[in-house]
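Letter by letter, the chains look like this.
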Amino acid sequence: MSNKYSKIGLKAGLEIHQQLDTREKLFCSCEPKLFKGEPEFTFLRRLRPTQSELGQVDSAALFEFHKETRILYEANNESVCLVEMDEEPPHDLNREAVEICLIASLMMKAEPVDEIHVMRKTVIDGSNTTGFQRTCVVALNGEIDIKGKKVGIQQVSLEEDAARKTGKDGQLIRYRIDRLGIPLIEVTTAPVIYSPEEAEETAFAIGRILRATRMVRRGLGTIRQDVNVSIRDGALIEIKGVQELELVSKVIENEVKRQLSLLELREELKKRGVKEADLAEEFVDVTPVFKNTKCKVIAKAIKQNNPVLAVRLRGFAGLLKKELAEGMRLGSELAGIARFWGRVGGIFHTDEMPAYGITAEELNQLGKLLKKEPMDAVVFVADKPENATDALKAVTERARVALNGVPQETRAANPDGTTKYMRPRPGAARMYPETDVPPIQVTKGYLDELSSRLPELPEQLMKRLMKEYKLNQKLAKQILDSEYLELFESLAGETKVSATVIAVALTETLKALRRDGINVEAVTDGQFMGMFRLIGEGKTAKESIPEVLTWLAGHEEAGAKEALKSLGLGMMSRKELEDLVDDVIEKNSEFVELRGKGAFGPLMGIVMKKARGRVKAQLVNEILKKRLDDTIA
Ligand SMILES: [Zn+2]
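Residues numbered from 1 in each chain as written. Predicted model: local features only at pLDDT ≥ 70, side-chain atom pairs only at ≥ 80, totals over all residues. Heavy atoms only, no water.

**Some remarks on the environment of T42**
So the rule is basically this: Helix and strand labels come from DSSP, where a helix needs a run of H or I of at least four residues and a strand needs a run of E of at least two; each type is numbered from the N terminus. For every residue, the accessible area (1.4 Å probe, protein chains only) is compared with the maximum for its type, and the residue is labelled buried under 20%, exposed over 50%, or partly exposed between those bounds. Residue contacts are counted whenever heavy atoms from the two residues lie within 4.5 Å of one another.
By the element assignment, T42 lies in strand β2 (residues 41–46). The partly exposed category is assigned to T42, whose relative accessible area is 41%. Sequence separation of T42 and Y175 is 133 residues, and the distance between their C-alpha atoms is 9.7 Å. Each residue touching T42, except ones within four places of it in the same chain, is listed here: L72, Y73 and E74.

**Some points on the sheet that holds β2**
Within a beta sheet, neighbouring strands are joined by backbone hydrogen bonds and run either parallel or antiparallel to one another. Rules: Two strands pair if DSSP finds at least two bridges between them. All axes are obtained by fitting lines to C-alpha atoms, using only the stretch in contact for helices, and the reported angles, taken between N-to-C directions, cover 0 to 180 degrees.
Ordered in space as β2-β3-β10-β9, the four strands form an open sheet in which the pairing is mixed. Strands with a single pairing partner mark the edges of an open sheet, and in this sheet they are β2 and β9 (164–169). Strand-to-strand twist in this sheet, taken as the mean axis angle between neighbours without regard to direction, amounts to 25°. As paired strands, β9 and strand β10 (residues 172–176) are joined by five bridges and run antiparallel to one another. Residue pairing for β10: K168 is matched across the bridge by I173.

**Quick look at the coordination of the zinc ion**
Rule in force here: Coordination partners: N, O, S within 2.8 Å of the metal, 3.2 Å for Na, K and Ca; water not considered, so apparent gaps in a site are possible.
Around the zinc ion, the protein contributes the donor atoms C28 (SG), C30 (SG), C81 (SG), E84 (OE) and E84 (OE), at 2.2 to 2.6 Å from the metal centre. Going along the chain, you hit the donors of the zinc ion in the pattern C-x1-C-x50-C-x2-E. Relative accessible area serves as the criterion here: at 23%, C81 is assigned to the partly exposed category. Given a relative accessible area of 3%, E84 falls into the buried group.

**Observations concerning the side chain of S230**
Within the element layout of this structure, S230 appears in strand β12 (residues 223–230). Its relative accessible area of 17% is what places S230 among the buried residues. Ignoring any residue separated from it by four or fewer positions in sequence, one finds S230 in contact with G9, L10, K11, A235, L236 and Q259.

**Here we look at the nonpolar core**
Using the following cut-off: The definition of a nonpolar core used throughout is a set of buried Ala, Val, Leu, Ile, Met, Phe, Trp, Tyr and Cys residues joined through side-chain atoms within 4.5 Å.
Grouped together as the largest cluster of nonpolar side chains are 141 residues, with contacts concentrated most on L93, F316, F488 and F528. Ranked by the residues each element gives to this core, the list is headed by helix α4 (residues 95–107), at nine residues.

**Side note on the sheet that holds strand β19 (residues 377–382)**
The strand order across the open sheet formed by four strands is β14-β15-β19-β18, and the pairing between neighbours is antiparallel. In this open sheet, the two edge strands, each paired with only one partner strand, are β14 (284–285) and β18 (348–349). Sheet topology places β14 next to strand β15 (residues 308–313); two bridges connect them, and they run antiparallel. Considered in β15, the bridge of V284 is made with A310.

**Examining unusual backbone geometry**
Backbone torsion omega between M353 and P354 reads -5°, so that peptide bond is classified as cis. Of note, P354 is situated in the loop between β18 and α9 (360–370). The phi dihedral of K147 falls on the positive side, at around 50°, and the residue is not glycine. Tracing the backbone shows K147 in the loop between β7 (132–146) and β8 (149–160). We classify K147 as exposed; its relative accessible area is 72%.

**A short note on the pattern of salt bridges**
The condition is simple: Should a side-chain nitrogen of Lys or Arg be within 4 Å of a carboxyl oxygen of Asp or Glu, the pair is scored as a salt bridge.
Following the criterion strictly, the structure yields 60 salt bridges and no others. We note a salt bridge from D161 to R179, for which the minimum N-O separation is 3.6 Å. With D161 in the loop between β8 and β9 and R179 in the loop between β10 and β11 (183–189), this pair connects stretches of sequence that are 18 residues apart. When sorted by exposure, D161 lands in the same class as R179, which is buried. The salt bridge partner of E508 is K474, with a shortest N-O separation of 3.6 Å. Pair noted here: E508 is in helix α15 (residues 499–515) and K474 is in helix α13 (residues 473–481), with a separation of 34 residues, a long-range link. Each of R214, E456, R464, E468, E486 and E489 takes part in one network of salt bridges that share partners.

**Some details on helix α18 (residues 560–567)**
This is how it is decided: Throughout, the arc means the angular range of directions from the helix axis out to the C-beta atoms.
When α18 is considered as a whole, its buried residues turn out to be A560, A563 and L564. Buried residues along α18 cover an arc of 95° about the axis, so they all sit on one side. Projecting away from the buried face of α18 at angles above 90 degrees are the exposed residues K561 and K565. If you follow the buried residues of α18, they end up packed against α16 (525–536) and α17 (545–553). At the C-terminal side of α18, G568 shows a positive phi close to 65°.

**What to know about empty space enclosed by the protein**
It is a probe the size of a water molecule, rolled over the atoms, that shows where empty space is left. Note the threshold: We place a 1 Å grid over just the protein atoms. Points where a 1.4 Å probe fits but has no way out form a cavity, open points with protein on both sides within 12 Å along at least 5 of 7 lines form a pocket, and any residue with an atom within 4 Å of a point lines it. Grid points are joined across faces, edges and corners, and a volume is the space filled by probe spheres set on the points. Three classes are used: nonpolar for Ala, Val, Leu, Ile, Met, Phe, Trp, Tyr, Cys and Pro, charged for Asp, Glu, Lys and Arg, and polar for all others, with Gly counted as polar.
Under the criterion given, the structure shown has two cavities of 30 Å³ or more. A volume near 80 Å³ is recorded for the largest cavity. What lines the largest cavity is F27, C28, V83, E84, N128, T129, T130, R134, E160, L180 and G181. Looking at the lining of the largest cavity, its residues break down into four nonpolar, four polar and three charged. Of the volumes computed, that of the second largest cavity is approximately 30 Å³. Every residue along the wall of the second largest cavity is listed here: R208, R211, A212, P458, L461, L480 and L485. For the lining of the second largest cavity, the secondary structure elements donating two or more residues are α5 (196–212) and α12 (458–468). With three residues, α5 is the single largest residue contributor to the lining of the second largest cavity. Each residue belonging to the lining of the second largest cavity can be placed in one class, and the counts come to five nonpolar, no polar and two charged.

**Quick look at α4**
Our working rule: Take the residue count of a helix, subtract one, and multiply by 1.5 Å to get its expected span. In protein, a polar contact requires one atom able to donate a hydrogen and another able to accept it; more generally it is a pair of N or O atoms within 3.5 Å, and residues adjacent in sequence count only if both atoms are side-chain atoms.
Along its 13 residues, α4 runs 18 Å from first to last C-alpha, staying within 8% of the 18 Å computed at 1.5 Å per residue. Of the residues flanking the start of α4, the one acting as N-cap is N94, its side-chain oxygen 2.8 Å from the backbone nitrogen of E96. Directly beyond the C-terminal end of α4, a positive phi value near 55° is found at K109.

**Some details on the pairing of β11**
Burial within β11 is extensive, with seven of its seven residues counted as buried. Residues P183, I185, V187 and T189 point to one face of β11 and L184, E186 and T188 to the other, with burial holding for every one of them. As judged from the five bridges shared by strand β1 (residues 11–19) and β11, these two strands associate in the antiparallel manner. Within β11, the position partnered with I16 by the bridge is V187.

**A look at the environment of F348**
Mapped onto the elements of the fold, F348 is located in strand β18. We classify F348 as buried; its relative accessible area is 8%. For the pair formed by F348 and C30, sequence separation is 318 residues and the distance between their alpha carbons is 48 Å. Not counting residues up to four positions away in its chain, the partners in contact with F348 are C295, V297, I298, M353, Y356, I358, V378, V379 and F380.

This is the structure:
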């Protein structure tokens with residue numbers, strides 16, 4: 001496998017972001033906690049960076065600014081104060097967060113800096129009320145071991161998390177600022193990863209080290225990966241927001257495929273003799289073609305007095321529907337770019353026609369107006385004139401770039417491991433000093449003290465899990481890679497349930513439930529503890545774990561006792577079990593007569609099924625044997 005990737009010159013690097021489990025946010029005393037439901041208050045802003053800031057803003061940021069987007073920030077009082085609202089300067093850097101970063105850095109053999117300086121990194125997409133993100137380098141030049149290979153850790157930084165986007169209404173974007181200011185550690189590897197598997201192993205290894213600090217948050221969205229991918233003759237592509245470690249290799253595989261396909265596309269266009277001059281920004285108003293159209297989107301646009309504009313892509317017939325990689329086509333790439341630059345809902349193109357109620361006759365007329373030859377494709381957009389024009393400009397430019405291969409860009413990861421166009425790649429020089437926050441000295445004495453009390457490294461932890469809790473290697477590794485290490489240890493220490501049962505529940509059972517769409521992240525530590533206590537006390541059997549967890553996931557205020565009651569999963573009394581056994585024997589009396597003692601196995605199965613989760617197998621065994629002997633005698 002890695003041979004295949006070395007042949008094409010794959011190089012990847014990772015940026016892992018993980019929220020830290022601090023008591024307070026990075027620059028204020030708010031609780032780092034996300035709220036559900038309606039916001040307690042909102043405020044509207046339009047970002048207007050000053051000229052001096054604009055001087056250092058790259059083209060992507062400048063563009064965002066020009067869009068003149070208005071932003072509605074949603075907040076509550078518990079997790080937001082004047083600092084997040086940018087009405088008050090940031091407080092001093094959170095020392096607890098600094099310490100966690102230093103500990104993680106030392107565990108990755110990185111060299112802490114002498115002085116930590118907070119910098120501002122321009123982000124004008126509204127995800128920050130200030131227009132920048134505060135970030136500081138904590139350590140440099142570390143390394144971790146991946147199957148005998150040293151993977152360099154270029155940098156460990158401490159950053160404030162951004163606000164989270166909760167919606168978009170045309171030019172109005174909604175952000176929730178409860179997440180803004182939650183401390184994040186950012187670990188950046190050198191681009192020395194040469195296969196998708198190696199990238200995934202590296203991501204897991206870093207995740208394990210971060211969790212081994214025991215001071216990181218858990219749950220969906222608390223860890224996010226950015227991946228940089230390039231291949232020979234391709235381009236350096238930055239993919240943002242891979243939410244799960246398991247997806248890292250898939251995202252890279254897909255990106256490699258996409259870049260290889262774009263290189264093939266370049267050759268195909270060369271073969272077809274397409275030149276840059278063939279792809280001109282000549283947009284034709286084709287509104288009359290669609291005056292009686294059955295296509296809802298176009299009809300609606302025309303009704304609002306908007307035009308349908310079209311552009312011919314010389315020599316592109318059939319290429320727009322070509323699959324570049326799983327779920328990604330050139331057509332969808334063009335649509336992504338049109339959405340970004342033209343703020344349109346989407347595009348139509350002739351490779352996917354006839355469809356959406358557009359008829360062959362309409363296409364025929366469209367083709368005539370555009371002077372379309374059989375080898376040409378036509379892209380058309382129905383929107384406000386300026387938006388449709390911007391969209392087609394971007395589409396034409398992207399088609400021209402296809403003649404050269406792979407364009408540099410920033411892409412966003414989808415939950416299924418595919419990616420989509422996000423924005424152009426930002427240039428350098430986006431940082432300037434944050435003068436409101438004083439630097440922090442990192443003394444040798446402090447580092448020596450931290451070094452003397454570093455947490456166990458993942459390797460040591462793994463050995464201890466196997467020895468102390470008698471877990472097999474597979475389970476120990478699963479616990480290490482799960483977010484439940486801490487919980488596992490407290491459950492194993494404080495309940496009478498076997499460590500293996502707990503480990504299986506926290507890994508395999510949760511994984512299976514998650515696959516079935518159960519929101520297991522909602523189950524709290526207290527609920528887990530309650531459930532395992534009841535199992536340990538013999539109030540229910542371990543077989544009821546999946547059902548109890550499913551119930552608890554949907555009842556955040558309730559406890560395990562209520563789950564058992566509601567599910568009817570409390571342990572059966574001896575009398576109840578005896579009655580059940582008698583009932584089963586009676587209903588199967590002919591079978592018992594026929595098979596004698598040989599009926600035991602099948603009857604045991606029937607009783608266990610009926611009493612699932614409410615009995616111990618041993619007791620069923622004992623009672624059934626006795627009753628069966630009595631019946632036969
Ligand atoms: Zn605050």
